[in-house]
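# Reading the structure
Residues per chain, in single letters:
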Amino acid sequence: MSDDPHFRGNGKACDPFAKPSVADDEAALERETLIDFPAEFPIKIMGPATDAFISDIKQAVAGVLGDLPESAWVRRDSAKGRFVSLQVTFTATSRKQIDEVYRAVTAHPDVKMCL
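Residues numbered from 1 in each chain as written. Predicted model: local features only at pLDDT ≥ 70, side-chain atom pairs only at ≥ 80, totals over all residues. Heavy atoms only, no water.

Within the protein chain, the regular secondary structure consists of three helices and four strands. Starting at the N terminus and ending at the C terminus, the protein chain contains elements arranged as α-β-α-β-β-α-β. Residues classed as buried in the protein chain amount to 24% of the 115 residues present. Across the protein chain, every contact between residues at least 6 apart in sequence was considered, and the portion connecting residues at least 24 apart equals 67%. Summing over all exposed atoms, the protein chain offers an accessible surface of approximately 8100 Å²; the carbon and sulfur share of this is 53%. (Helix = DSSP H or I, 4+ residues; strand = E, 2+ residues; numbered from the N terminus. Buried < 20%, exposed > 50% of the residue type's maximum accessible area, 1.4 Å probe, protein only. Contact = heavy atoms within 4.5 Å. Areas by Shrake-Rupley, 256 points an atom, 1.4 Å probe, with all protein chains shown as cover.)

Turning our attention to the nonpolar core. Ranked by internal contacts, the top residues of the largest apolar core, which has 19 residues, are I43, I45, I57 and V105. Elements supplying a minimum of two residues to this core: β1 (39–48), α2 (51–65), β3 (83–92) and α3 (95–106). In terms of residue count, β3 provides more of this core than any other element does, five residues in total. Ignoring any residue separated from it by four or fewer positions in sequence, one finds I45 in contact with F53, I57, V84, S85, L86, V88, V105, V111, M113 and C114. (Core = buried A, V, L, I, M, F, W, Y, C linked by side-chain atoms within 4.5 Å.)

Now the structure itself:
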């Protein structure tokens, strides 16, 4: 066995450009977050003010978090009524869960912005 730090136990050189595994990435994200979980977390989604859009967004969020009470949602229409801002506030249990909600929402083609 070599004492050289560039070699691992299998005798092969470490690749400094090797990507970490998904598990390593998720563990790193959990360590890097400034949020103490569980925490109340708001997400704001903007898009067209149509019943179909609002329904689709609520279904996307429910697909990750399950059904939320109507009180978790706040709707604000734009001045001309063409766009809507939907804010959903939920108890987040991990950074991964927050990322899953963002991915589910932003997958909708009519989402203009998600904060």
